[in-house]
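Here is what each chain is made of, one letter per residue.
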Amino acid sequence: MIARIEGPEKVSGSARYACDVRLPGQLYARVLRSPLPHARILRVDTTRAERLPGVHAVLSSANAPAISWYEESWLFDRTVRFAGDEVAAVAAASEEIAEDALRLIEVDYEALAFASGLDDGARGEPALKCRGDAERALREAEVVLEQTYSTQAALHNALEPHGCTAAWEGETLVLHESTQGIFAVRSEVAEKLGLPEARVRVITQHMGGGFGAKQIAWKHSVIAALLAKRAGRPVQLILDREAENLAVGHRNATRQHVRLGARRDGTLTAIAVHALVQAGAYLPGGEDSDVVGTYHTLYRCPNVRTEQVVVRTNTGPAVAFRAPGHAEATFALESAMDELARALAMDPVELRLRNYASEHQEKGKPYTSPESLRRCYELVRSALRPGGAAAPGSATKRRGIGFAAHDWAGGGGWPPGQARVEREGEDRARVITATQDIGTGTRTALVQIAAEALGLPPERVSITLGDTKEALYSPTSAGSATLATLGPAVRRAALAAKEHGAGQGERGENRKDRAIRTCGAQAVEVEVDTETGEVRVLRVAAAHDCGRIINPALVESQVIGGITQGLGYALSEERILDRARGLVLNANLEEYKVQTAADLAELINATASLPDWEANETGAKGIGEPPIIPTAAALANAIFDALGVRIRDLPCKRERLLSS
Amino acid sequence: MKPFAYHRPASLEEAIALLGGAAQPLAGGTDLVPLMKAQLLAPERVVAIRALLPEGVRHEAQGVTIGAATTLNDIEGDALVRQRYTALAQAAGLAATAQLRNVATLGGNLLQRPRCWYFRDARVHCWLKGGEQCQAREGENRQHAVFGASPCVSVHPSDLAPALLAFEAAVRLRGPRGERAVALEEFFRLPEAHRRSASTLGQGELLLEATLASHPPETRSVYLKAMDRQAFSFALAGVAAVLRVSARRRIDHARLVLGGVAPIPWRAHAAERALLGGELAAPLIEQAARAACEGAEPLALNGFKVRLVRALVKRALHALDEARGPQ
């Protein structure tokens, strides 16, 4: 195992992020955002802002080019559809001057009616997915469990906000961007600006987290490019925390009505789900939030019927957030499975084993590693025994253990993906890719794969990535796919280089007769204070199938990060919206409560290396998203185990415990 | 942030002269700067006072005096404060984060503005900012007041204030018309239409120091706080309890002050009365915990705070009972 290659740069502060870029003559931009959730702009007057000394360029619907955005909207639209929607932008000699200039922009709004939640939003057409006859199976089932679960809007809050530095080098736009997909940004920005892709270069050397919210091009990149063009100077546009929490995505709120039909022995005969999914004002693209997917795959069941209904509201747009859809659905499905186990007086793991799925039922294909989920159950079970005796609490403190499983459609990787490897003398080599390292340690893992194929120690192998000028295509880092996509390409390039001194590798196709999944399980132990409603997480055990583990420390980092974020989702994180005004009240890190170091439990990472050679020739799969998926359900199940109180609405705030 | 003039006066007199009108004093800046960034305050002059204010903890025969410029970390770390004014040290240690406690001062902590998200949102013209009505009363009021119904339902955010009140602290103030000392309990007042603030600090007046009287060695105190996470959160509810119990468990002195539940630190008078003269044991503790909730008027989303108060008061009293050691 080797330590992170970029570790010393990060620790010493020399790693350069998008906001660290300083170019000669660089300006700083700020964006004016709508204070209303829905309004027509009657007038924008930027005259006073333009006159402020230090202001170099101002954009608004009054002067911006007509660039279409989202579905049927514009870069600067005359209608704003959520509080935080872009109204105007200023580039100035300093951020402070830009801020001052924003205050000088006069806007007259005509307020329009708005919707703020799942109940008052406009509902889209239901997306129906069926296998077998769930309604009939439910009528005939020996046991039926029917419950409604809800999940909240959660904010990504990556440490590094969205942003870029845009510079024109002649007719070529260079974007230093904080993104999970440099090629996605290149093609989207080129299209919006009417440029050939070859005239846009996107660079991402380091990233302070994205969690899904940085897998598409957002407006700021094009705004910065336009301002830079007008001003004739480079422009840096970094979002502040409030904008970050209003305008560039969040995990959608859901309400899921779940019906499970089963035989008395626990065999599932029917799963029927109706899911409302709050999308917000726009559908920005990127990975879909497939809330119903896992209901079709996690358990063997002949009759499954799911309906997913997207609800549009005047709130910021939802976007992919670490295992989009699955984290929300797994809370509901795995809570329901726990309820079913209780109703049948079955051990929760036994119930899951009774319904074990070793093939992808919709595709009718066996999984490449059909037994790995079973293995994860065993690993978690022996690390933290569910059903075993919890240590006794005091008179007002009760302990409980909860269990939850998950699967995930991502992690398997797919073509295309390209890499080059060049030998440098007898005992050195260089890997050249154009993927991005979004903070997960992609550099390190790819170097290890190359070194292994070359037969060199990893410290003799260097790597270049994060720049579209390398003409080697890499996909967006989403779906936990980077390692499983690029790893095989790097391996092939390395094998070729070993033979010929240099070589290029392409990611091959996945097997057509198999389905790839990642999956896992977690158990959470809590101590609940019956008088104050406080929930303390004591221990979390996790085992996830990520195939062969290339670097245990990097895998463990993802497990720790995912669980920590999962505990926040379960306990304390929630976007609070004032429904009467359509305003987010906690678009900041004070009132949006991410977990702190003091909240962290003992984490037992029981993840084992489970090489999946049928998935790809490296045997490795992704681990980025999975660890967040089962945490909330396992925690809610632990609360039930402790108190006999079932929490069906996230987050598990103390008032929900005290009112039960 | 609106441009402002930054002044570093050489003396308190000079500072006070500068503070009239559109000026704000700056010490730790942990509340002032965010208020300015949010455009809730747009002073023309920012007057640096930190270097002019008394700083540090001074122990004397008649009690302890804490300078307004003393950081929360220094209060928490003072050995004698920890021993004699335990609740105060605990309250300081549970506030904010270590980084904030390193710069935040006692004076600023007592005078900080509410964390109410309607108050902190420049787009909302709430009653406390001179508006017609309180938006929290019918809005998202989970974190708001259950006591002290006033036109504003924000809560006083300080952890230290309940502890200081429980020790019957007084503050020394200095303004254009000279110095005055006032009991902290008088200093905090429910906001009213003509004074939309939780304190009676006058125009141009500065808080110089807080004084806590000495007390018999058998006095025990504790501060307990319920938060939405284990650190970096204002109190959903807090309780500072100061108790003196005679050899036969008789309660000779009791002060209970709640934080995070009213626009000002909230004395639980009924609970104190229930305790005085009684025997510190489970039945009386239960009775006092119930009494602490008397008069509570929860809003739609914060009924749980009443249960929290009851639980925290009960725990605080049990903790003080145990702290007395075996009899």
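None of the values given here were measured: they were computed from a predicted structure.

J.: Can you explain the packing of aromatic side chains? Please cite residues and give values.
T.: Residue and element names in this part refer to chain A. Inspection of the entire model under this criterion finds nine aromatic pairs over all chains. Ring centres of Phe183 and Tyr473 lie 4.9 Å apart, and the angle between their planes is 55°; this geometry places the pair in the tilted category. Taken as a pair, Phe183 in helix 5 (residues 182–193) and Tyr473 in the loop between strand 24 (461–464) and helix 13 (482–500) lie far apart in primary sequence, 290 residues in all. The interplanar angle of 90° and the centroid separation of 6.4 Å between the aromatic rings of Tyr356 and Tyr377 together place this pair among those described as edge-to-face. In this pair, Tyr356 is assigned in the loop between helix 10 (348–354) and strand 19 (359–360) and Tyr377 in helix 11 (residues 372–383), connecting sequence segments 21 residues apart. You'll find Tyr356 and Tyr377 in the same group, each marked buried. Counting every residue linked through ring pairs, the aromatic cluster contains Tyr70, Phe82 and Tyr282. Arg517 extends its terminal NZ or CZ atom over the ring of Tyr367, reaching a point 4.1 Å from the ring centre. Positioned above the aromatic ring of Phe640 is the side chain of Arg646, whose terminal nitrogen or guanidinium carbon lies 4.2 Å from the ring centre.

J.: Would you mind going over the pairing of strand 2 (residues 39–45) of chain A in detail, with residue names and values included?
T.: Residue and element names in this part refer to chain A. Here strand 2 runs beside strand 6 (residues 79–80); their pairing, made up of two bridges, is antiparallel. Across the sheet, the residue bridging to Ala39 is Val80, located in strand 6. The pairing of strand 2 with strand 8 (residues 106–111) spans six bridges and is antiparallel. Following the sheet pairing, Asp45 is matched in strand 8 by Glu106.

J.: Explain the sheet that holds strand 30 (residues 602–605) of chain A to me, using residue names and the numbers behind them.
T.: Residue and element names in this part refer to chain A. Overall, mixed pairing links the four strands, which are arranged 21-26-27-30 in an open sheet. Whereas interior strands pair on both sides, the edge strands pair on one side only; in this sheet they are strand 21 (397–408) and strand 30. Between one strand axis and the next, the sheet turns through 15° on average, direction left out of account. Sheet topology places strand 21 next to strand 26 (residues 518–529); twelve bridges connect them, and they run antiparallel. Across the sheet, Gly402 pairs through a bridge with Val524, a residue of strand 26. Sitting on the sheet, helix 15 (residues 631–643) touches strand 21, strand 26 and strand 27 (535–545), and the angle it makes with strand 21 is about 150°.

J.: Before we move on, could you go through the sheet that holds strand 12 (residues 163–169) of chain A and cite the residues and values that matter?
T.: Residue and element names in this part refer to chain A. Pairing within the open sheet is mixed, and its seven strands lie in the order 3-7-1-15-12-13-14. Where the open sheet ends on each side, the last strands, each with one partner, are strand 3 (55–60) and strand 14 (200–203). Each strand axis lies, on average, 20° off the axis of its neighbour in the sheet, ignoring direction. Sheet topology places strand 13 (residues 172–177) next to strand 14; four bridges connect them, and they run parallel. The residue bridging Leu175 from the neighbouring strand is Val202, located in strand 14. Sheet contacts for helix 3 (residues 95–103): strand 1 (27–33), strand 3 and strand 7 (86–92); angle to strand 1, the most-contacted strand, approximately 30°.

J.: Now, about the confidence of the model for chain B: what can you tell me, with residues and values included?
T.: Detailed reading of the predicted coordinates is not advisable wherever pLDDT falls low. On average, residues of chain B carry a pLDDT of 96, and 99% of them reach 70 or more. Overall fold confidence for the complex sits at a pTM of 0.97, while the interface term, ipTM, reaches 0.96.

J.: Break down the pattern of salt bridges for me, with residues and values.
T.: Residue and element names in this part refer to chain A. Per the stated rule, a full pass over the model turns up 88 salt bridges over all chains. In this structure, the salt-bridge partner of Glu509 is Lys512, at a minimum N-O distance of 3.5 Å. Salt bridges sharing partners connect three or more residues here, namely Asp338, Glu339, Arg342, Asp641, Arg646 and Arg648.

J.: Talk me through unusual backbone geometry; I want residue IDs and the actual numbers.
T.: Residues and elements named next belong to chain A. Cis geometry marks the peptide bond from Pro415 to Pro416; its omega dihedral reads 0°. Structurally, Pro416 is set in the loop between strand 21 and strand 22 (418–423). The step from Leu650 to Pro651 runs through a cis peptide bond, and the omega angle for that step is -10°. Relative to the elements of secondary structure, Pro651 occurs in the loop between helix 15 and helix 16 (654–658). At Ala323, a position not held by glycine, the phi torsion is positive, near 60°. Relative to the helices and strands, Ala323 resides in the loop between strand 18 (304–312) and helix 9 (326–343).

The rules we used
- The numbers attached to residues start from 1 for each chain and follow its sequence in the written order.
- Just so you know, chain letters begin at A and ligand numbers begin at 1, following the order they were written in.
- Local features in this predicted model are restricted to residues whose pLDDT is 70 or higher, and side-chain atom pairs enter the listing and the counts only when it is 80 or higher, whereas totals over whole chains, interfaces and linings include all residues.
- To obtain the side-chain values, all non-hydrogen atoms of the structure were included, while hydrogens and water were left out.
- Here a Phe, Tyr or Trp ring, Trp counted by its six-membered ring, pairs with any other such ring whose centre lies within 6.5 Å, and the pair is stacked when the planes are under 30 degrees apart, edge-to-face when over 60, and tilted otherwise.
- Runs of H or I in DSSP of at least four residues are treated as helices and runs of E of at least two as strands, each being numbered from the N terminus.
- Burial classes follow relative accessibility: with a 1.4 Å probe on protein chains only, a residue under 20% of its type's maximum area counts as buried, one over 50% as exposed, and anything between as partly exposed.
- Two conditions define a charge located above a ring, namely a distance within 6 Å from the ring centre to NZ of Lys or CZ of Arg, and an angle within 35 degrees of the ring normal.
- What makes two strands pair is DSSP finding at least two bridges between them.
- Axes here mean lines fitted to C-alpha atoms, for a helix over just the part in contact, with angles spanning 0 to 180 degrees between N-to-C directions.
- Whether two residues are in contact is decided by their heavy atoms, any of which lying within 4.5 Å being enough.
- Values of pLDDT, which run from 0 to 100, indicate the predictor's confidence residue by residue.
- A pair is scored as a salt bridge if a Lys or Arg side-chain nitrogen falls within 4 Å of a carboxyl oxygen belonging to Asp or Glu.

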